[in-house]
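# Chain and residue survey
Take a look at the letters that make up each chain.
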Amino acid sequence: MGYFVSVESGVNLYVEDINPKGSKTIVFLHGWPLSHKQFEYQFDVLPAMGYRCIGIDWRGFGKSDKPFSGYNFDRLADDIRVIIDALQLNNFTLAGHSTGGSIAIRYMARHHGYGVSKLILIDAAAPTGFTRETADRLLYEVRNDRPKMMRGITDMFFFQYITGPFSDWFMQIGFEAAGWSTAAIIVTLRDERLDVDLPKIGVPTLIVHGTHDKVIPFAQAQEMHRQIINSQLVPFHYSGHGAFWEEREKFNYLITEFIG
C-alpha cells in the first residue's frame with residue numbers, strides 16, 4: 001500500500017507500507033541517490049514472515065516531491081519525524097542504508113530516538129560521508145553528465161557480479177531523483193559530520209558493513225561501533241556497498257534475529 005504524507009506546506013513524501021497488520025515494524029531509509037525500491041529483496045521476504053515494512057522516499061528522491069531546498073540532515077530527520085507521528089508508530093526498528101543511515105543517526109540524536117526500539121545501520125555514511133575530492137568530482141558529473149555519474153556509482157557499488165539488466169534497473173532508480181536533490185545531498189555528505197550524534201544513540205544497534213565497500217570504507221563502521229555504546233558490528237565479507245542485496249539471505253536472516 002502506497003500513500004503520501006505532507007511533511008511541510010507543498011512537500012509530500014511517498015511511503016510504501018507493506019503488511020500494515022504485521023506484528024513488528026521496520027522503517028527503511030534508502031541510500032543516495034536511490035529510493036525505497038532498493039529494498040525490494042527485503043520487501044519480498046520480510047512481510048511474509050510477519051513484519052510490517054515501511055519504505056520512505058526522502059524529499060527529492062523516488063516518488064516524493066522534489067523541492068529545491070531542505071537537503072540537510074536536520075530537515076531530512078525532521079521529515080522522518082513527521083511521518084512517524086502521522087503513522088503513529090512506536091516501538092519500531094529504524095534501518096538506514098548509506099545516507100539513509102546518516103539520516104537515521106541524526107534522527108536518533110535530534111529526536112532522542114522517538115519511537116525507535118532498535119537501530120540498523122547498513123553501510124552507513126558516518127561519521128563522515130564524501131571527501132571534498134570525491135564530492136567535487138560527483139558534483140561536476142551530476143551537473144554535466146548525470147547518467148555517467150550514475151553508471152560510475154553503480155559500477156563501484158557492488159563487490160559481487162551484477163547482470164546488465166540489474167545494472168539498468170538500479171540506474172533507473174537513481175534517475176527518479178531530481179538533479180538538484182542529487183547534487184544537494186553530495187554537498188551535505190561533504191560538509192556535515194555525525195561524530196557528536198553517535199554517542200547519543202542508546203538503543204541496541206546493529207551495524208552491517210561490507211568489507212569491500214568502496215563508497216564508505218569499512219573503517220568507518222569500526223568507528224561507529226566504537227562510538228555507539230550498545231552496538232554490534234557484523235562484517236559482510238562478500239559485499240561492497242550493497243550488503244542488502246549481495247548477501248541478501250544472510251542479511252534478511254540477521255535482521256530477523258536482531259529484531260526477534
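This section reports on the structure supplied with the text.

What follows deals with helix 7 (residues 179–191). Given a rise of 1.5 Å per residue, 13 residues ought to cover 18 Å, and the 19 Å separating the end C-alpha atoms of helix 7 matches this to within 8%. Listing the buried residues of helix 7 in full gives Ser181, Thr182, Ala183, Ile185, Ile186, Thr188 and Leu189. Buried positions along helix 7 lie against helix 2 (73–87), helix 3 (99–110), helix 4 (132–144) and helix 5 (146–157).

Once that is clear, we can look at the nonpolar core. In terms of nonpolar packing, the biggest core is built from 88 residues, with Val27, Trp32, Leu94, Leu121 and Met224 touching the most fellow members. With 7 residues, helix 2 is the single largest residue contributor to this core. Residue contacts for leucine 121: discarding those within four places in its chain leaves Gly96, Gly101, Ala104, Ile105, Thr205, Leu206, Ile207, Val208, Met224 and Ile228.

Our focus in this paragraph is the packing of helix 5 against helix 6 (residues 164–175). It is the contact of helix 5 with helix 6, at a shortest axis distance of 10 Å, that shows an interaxial angle of 130 degrees. What the angle tells us is that helix 5 and helix 6 run oblique. Every pair of crossing elements has a handedness; the one defined by helix 5 and helix 6 is right-handed. Contact residues: Arg146, Pro147, Met150, Arg151, Thr154 and Phe157 in helix 5; Ser167, Asp168, Phe170, Met171, Gly174 and Phe175 in helix 6.

The geometry of an aromatic ring pair is captured by the separation of the ring centres together with the interplanar angle, meaning the angle of the planes. Summed over the entire model, instances satisfying the criterion amount to 19 aromatic pairs. Relative to phenylalanine 61, the ring of tryptophan 58 lies with its centre 4.8 Å away and its plane at 65 degrees, an arrangement referred to as edge-to-face. Measuring from ring centre to ring centre gives 6.4 Å for phenylalanine 236 and phenylalanine 251, while their planes differ by 70 degrees; the resulting arrangement is edge-to-face. Taken together, the positions of phenylalanine 236 in strand 8 (residues 231–236) and phenylalanine 251 in helix 10 (residues 248–259) put the pair 15 residues apart, joining distant regions of the chain. Comparing phenylalanine 236 with phenylalanine 251, the two get one shared label, buried. Here the aromatic residues Phe28, Phe39, Tyr41, Phe43, Phe157, Phe158, Phe166, Trp169, Phe170, Phe244 and Trp245 are joined through ring pairs into a cluster of three or more. Over the ring of tyrosine 114 we find arginine 81; its NZ or CZ atom is 3.7 Å from the centre of that ring. For the cation-ring pair, lysine 250 lies above phenylalanine 236, with the distance from its terminal atom to the ring centre recorded as 4.2 Å.

What counts and what doesn't
Residues numbered from 1 in each chain as written. Predicted model: local features only at pLDDT ≥ 70, side-chain atom pairs only at ≥ 80, totals over all residues. Heavy atoms only, no water. Helix = DSSP H or I, 4+ residues; strand = E, 2+ residues; numbered from the N terminus. Expected span 1.5 Å × (residues − 1). Buried < 20%, exposed > 50% of the residue type's maximum accessible area, 1.4 Å probe, protein only. Contact = heavy atoms within 4.5 Å. Core = buried A, V, L, I, M, F, W, Y, C linked by side-chain atoms within 4.5 Å. Axes fitted to C-alpha atoms, helices over the stretch in contact; angles between N-to-C directions. Parallel < 35°, antiparallel > 145°, perpendicular 65-115°, else oblique. Left-handed = near helix turned anticlockwise from the far one by under 90°. Phe/Tyr/Trp six-rings, centres within 6.5 Å; stacked < 30°, edge-to-face > 60°. Lys NZ or Arg CZ within 6 Å of the ring centre and 35° of its normal.

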